[in-house]
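Report on the structure
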Amino acid sequence: MHLTSKLPEIGTTIFTVMSKMAADHQAINLGQGFPDFDPDPKLINMVSEAMKNGHNQYPFMPGIEPLRDVIADKVNTLYGHQYNKDTEITITSGATQAIMAAIMAVVHAGDEVIVVEPSYDSYVPAIRLSGGIPVFVQMIPPENQDQAFRIDWNMIADAITEKTKLLILNFPHNPTGAVLTASDFDALEEIIENTNIFLLSDEVYEHIVFEPQGHLSLSSRESLAKRTFVISSFGKTTHTTGWKVGYCCAPANMTTELRKVHQFMVFTVPSPFQHALAHYTKDASTYENLPDFYREKRNRLYEGLLKTRFKPYVCPSTFFLLADYSEISDLNEAKFSQWLTKTHGVAVIPVSAFYKDPDDPLSNHQLVRFCFAKKNETLDMALERLSSV
Ligand code: PMP
Ligand code: GLN
């Protein structure tokens, strides 16, 4: 029977495509962003303890109180904003579901939503399913390997119209590792001051920032926090991407609408994981030590790539690193990534996949993304293979 697609231009995500290609060709998978090592055994024990202690039925719809408590304290300590755990914090099925619920809650048919490219792949489908119109603004690519991509705020200001309902930001940024500074916040503040634009700030890599300033959350400025859905995920922070536990902090009126969507998308999130994460995250060292843990891996990959024909870029945050392959090939990013996976046994992600039109020359900078959330031996094995490329 004929079915008119609601998402005609959307296929299978690049992460799934590249992971399958890696498996089919026995390639080392530095593509999709997930650790190839286990979480802390203490955390795993806490999950089974929670199950043994009877936490096996539907938990409270917005998430269990101890977890919302821990998040409220953490955000207040780190970013100086006190969210109300009862009315402003919701536990979601990963950041992905928080993103979908937030977008569905605010975007009406015909509303415009500004998306910064390169952009994480779940934003546009959520906008489209809500009947919204994505408006793309590209970041400025770096001129050399010592710089990261950056936002030109004049371009954001120019993209705003009377129909703009939401601006989506994602810093620390996947795939480029770019972070925002206080002057970016000043520019943003000025641009949206007299508008009714909401913000969605995807901060899933908040605890993986290598810069001395640490992470700047949109929740840290009152003028921004009052209009922002701040979204994060335990997947990145506790090496548990498969558990799919995330959260959204937002002012009460915005949270009320988000929860209306949330309760009919998933209603709630698995109870034992929530209890375990609440217990575990009380100990701040579980996230405070992450930059040191990942800095070592980043340096290992960066220094290893310097000995190959790839040119690695600075990586101020996240567990992704970009590298230029212009000395190796003239292929576009998608074709190069497939060739590298099939011929040299290392899977990567083309940065062009984070653009609306991956085939457009403007989406191709001869850059690929490597994930370094991997055991040292995995990184060393991949570097060995890359040394002959
Ligand atoms: N946002 C960004 C920028 C991501 O990189 C990811 C995935 N890794 C997500 C959201 C989704 O997070 P989750 O797995 O918690 O749904
Ligand atoms: N966020 C992960 C990445 O960027 C992938 C998540 C997914 O596969 N949905 O690689």
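To be clear, the structure that these remarks concern was listed above.
Attention in this report is confined to the structure presented alongside it. Given the structure is predicted, the values throughout are model-derived calculations rather than measurements. (Residues numbered from 1 in each chain as written. Chains lettered and ligands numbered in written order. Predicted model: local features only at pLDDT ≥ 70, side-chain atom pairs only at ≥ 80, totals over all residues. Heavy atoms only, no water.)

Some remarks on the site of ligand 1
Here is the rule: What makes a residue near a molecule or strand is one non-hydrogen atom of that residue sitting within 4 Å of it. For the area figures, the Shrake-Rupley method with a 1.4 Å probe applies, and any residue is considered shielded solely by the protein chains shown. Buriedness of a pocket was judged along seven lines, with at least five required to meet protein on both sides within 12 Å; pockets are open sets of points on a 1 Å grid over the protein atoms alone, cavities are sets where a 1.4 Å probe fits but cannot get out, and lining residues have an atom within 4 Å of a point. Each molecule is assigned to a cavity or pocket provided more than half of its atoms lie within 2 Å of the corresponding grid points. A helix here means a DSSP run of H or I that spans at least four residues, while a strand means a run of E at least two residues long, and both kinds are numbered starting from the N terminus. Three categories are distinguished: nonpolar for Ala, Val, Leu, Ile, Met, Phe, Trp, Tyr, Cys and Pro, charged for Asp, Glu, Lys and Arg, and polar for the others, with Gly belonging to the last.
Ligand 1 sits among 13 residues. The nearest are Thr96, Asp202, Tyr205, Ser233 and Lys236. Here ligand 1, which alone exposes 390 Å², has 92% of that area covered by the protein. Comparing atom positions with the cavity grids shows ligand 1 to sit within the largest pocket. Residue contributions to the shell around ligand 1 peak at four residues, all from helix H4 (residues 94-106). When its residues are assigned to classes, the shell around ligand 1 shows five nonpolar, five polar and three charged.

Here we look at the side chain of Arg298
How we decide: Only protein chains enter the area calculation, which uses a 1.4 Å probe; residues under 20% of their type maximum are buried, those over 50% are exposed, and those in between are partly exposed. All tallies of charge rest on Lys and Arg as positive and Asp and Glu as negative; His and the ends of each chain are not included. Only one rule defines a salt bridge in this text: a Lys or Arg side-chain nitrogen within 4 Å of an Asp or Glu carboxyl oxygen. Residue contacts are counted whenever heavy atoms from the two residues lie within 4.5 Å of one another.
In this fold, Arg298 is placed in helix H13 (residues 290-306). Among buried charged residues, Arg298 stands out as having no salt bridge; its nearest opposite-charge side chain is Glu211, 5.8 Å away. In contact with Arg298, other than residues within four places in its own chain, are Phe210, Cys315, Leu321 and Phe372.

Considerations on the packing of aromatic side chains
Heads up, the condition is: Two rings from Phe, Tyr or Trp (for Trp, the six-membered ring) form a pair when their centres are within 6.5 Å of each other. A pair whose planes differ by under 30 degrees is stacked, one over 60 is edge-to-face, and the rest are tilted.
This structure, assessed with the given rule, holds 18 aromatic pairs. Judged by centre distance (5.4 Å) and plane angle (80°), the ring pair of Tyr205 and Phe319 falls under edge-to-face. With Tyr205 in the loop between strand E6 (198-202) and helix H8 (222-225) and Phe319 in the loop between strand E9 (311-312) and strand E10 (320-324), this pair connects stretches of sequence that are 114 residues apart. Residue Tyr205 shares its accessibility class with Phe319, and that shared class is buried. Ring centres 5.4 Å apart and planes at 50° place the aromatic pair Phe234 and Tyr247 in the tilted group. Residue Phe234 is found in helix H9 (residues 234-237), and its partner Tyr247 is found in strand E8 (residues 246-249); the two are separated by 13 residues along the sequence. Here Phe234 falls in the buried class, since its relative accessible area comes to 4%. In textbook terms, an aromatic cluster arises when at least three aromatic residues are bridged by ring pairs, as seen for Phe37, Tyr205, Phe210, Phe293, Tyr294, Phe319, Phe320 and Phe372.

Topic: the layout of surface pockets
Quick reminder of the rule: Grid points are joined across faces, edges and corners, and a volume is the space filled by probe spheres set on the points.
Taken as a whole, the largest pocket spans an internal volume of roughly 1,200 Å³. Thr13, Phe15, Tyr120, Asp121 and Ser122 are, among the 50 residues lining the largest pocket, the residues nearest its centre. The leading source of residues in the lining of the largest pocket is helix H1 (residues 14-24), at five residues. Here the lining of the largest pocket is built from residues that sort into 22 nonpolar, 18 polar and ten charged. Here the second largest pocket is characterised by a volume of approximately 200 Å³. Its residues assigned to classes, the lining of the second largest pocket comprises seven nonpolar, three polar and four charged.

Some remarks on the pairing of E10
Filter applied, for reference: Two strands pair under a simple rule: DSSP has to find at least two bridges between them.
Where burial is concerned, most of E10 is hidden: five out of the five residues are buried. Note: E9 against E10, two bridges, orientation antiparallel. Counted as the bridge partner of Lys311 is Asp324 from E10.

A look at the pairing of strand E5 (residues 164-169)
For the record, the criterion: Viewed with both strands pointing away, a crossover whose connecting path from the first strand over the helix to the second turns clockwise is right-handed.
Burial runs high along E5: six of the six residues are buried. Here strand E3 (residues 112-117) runs beside E5; their pairing, made up of four bridges, is parallel. Among the inter-strand pairings, Val113 is bridged to a residue of E5, identified as Leu166. On the question of chirality, the crossover connecting E5 to the parallel E6 by way of helix H7 (residues 182-192) is right-handed.

Let's talk about the pattern of salt bridges
Here the idea is simple: oppositely charged side chains can pair when their charged atoms come close. If you walk through the whole model with that rule in mind, you get 15 salt bridges. Residue Lys74 is joined to Glu206 by a salt bridge in which the shortest nitrogen-to-oxygen separation is 3.4 Å. You can see Lys74 sitting in helix H3 (residues 65-79) and its partner Glu206 sitting in the loop between E6 and H8, a full 132 residues away along the chain. When its relative accessible area of 5% is taken as the criterion, Lys74 is described as buried. Residue Arg295 is joined to Asp292 by a salt bridge in which the shortest nitrogen-to-oxygen separation is 2.6 Å. Here Asp292 and Arg295 lie together in helix H13, a separation of three residues that amounts to about one turn.

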